[in-house]
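Residues per chain, in single letters:
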Amino acid sequence: MSRTSTAQPDPRTTLRAGLPDRYLTPDDIAEMFGVPRETVYQWLRKRTGPPGFRIGKHVRYDPSEVDAYVAQLKSTDRVAV
């Protein structure tokens, strides 16, 4: 018999066509950007990071909006340089 692993996949490896099949959590955002989770919550409070929204007490991020945010940062950075 073969054993299969039931470990959670890395969110970056679950991407299909650049976007995951689910809304992203603050932990996903922190891992994607390489920052602490508290930084993600500060971005949300200051409205400086990718746009998030609340579902009850939980914060979630639409993958397409995160992708648009990154694209905007890239284009702004290219213009500023």
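Thresholds, definitions, all that
Residues numbered from 1 in each chain as written. Predicted model: local features only at pLDDT ≥ 70, side-chain atom pairs only at ≥ 80, totals over all residues. Heavy atoms only, no water. Helix = DSSP H or I, 4+ residues; strand = E, 2+ residues; numbered from the N terminus. Buried < 20%, exposed > 50% of the residue type's maximum accessible area, 1.4 Å probe, protein only. Contact = heavy atoms within 4.5 Å. Areas by Shrake-Rupley, 256 points an atom, 1.4 Å probe, with all protein chains shown as cover. Core = buried A, V, L, I, M, F, W, Y, C linked by side-chain atoms within 4.5 Å. Salt bridge = Lys/Arg side-chain N within 4 Å of Asp/Glu carboxyl O. pLDDT = per-residue confidence, 0-100.

### Description of the overall build of the chain
For the chain, the helix and strand inventory stands at three helices and two strands. Scanning the chain from its N terminus toward the C terminus, one meets helices and strands in the order α-α-β-β-α. A burial count over the chain gives 19% of its 81 residues as buried. Considering only contacts within the chain whose residues lie at least 6 apart along the sequence, 37% involve residues at least 24 apart. Summed over all atoms, the accessible surface of the chain reaches about 6400 Å², with 51% contributed by carbon and sulfur.

### Quick look at the nonpolar core
Considering soluble globular proteins, one finds that nonpolar side chains tend to be buried as a cluster. Counting residues in hydrophobic clusters, the biggest one holds seven residues: Leu24, Ile29, Ala30, Val40, Val59, Tyr61 and Val66. Excluding residues that lie within four positions of it along the chain, isoleucine 29 makes contacts with Leu24, Val40, Trp43, Pro50, Tyr61 and Val66.

### Observations concerning the pattern of salt bridges
Scanning all chains against the criterion turns up three salt bridges. Note that glutamate 38 is salt-bridged to arginine 45, the shortest N-O span being 2.8 Å.

### Things to note about the confidence of the model for the chain
For any part of a model where pLDDT is low, the fine detail of the predicted coordinates should not be relied upon. Overall, the predicted model of the chain reaches an average pLDDT of 83, with 72% of residues at or above 70. When mean pLDDT is compared element by element in the chain, helix α2 (residues 37-46) scores highest at 97, while helix α3 (residues 63-80) scores lowest at 86.

### Description of the environment of alanine 30
Checked against the element boundaries, alanine 30 lands in helix α1 (residues 26-33). On a C-alpha basis, the gap between alanine 30 and valine 40 in space is 6.2 Å, while along the polypeptide they are 10 residues apart. With sequence-adjacent residues up to four places away left out, alanine 30 is seen in contact with Val35, Pro36, Arg37 and Val40.

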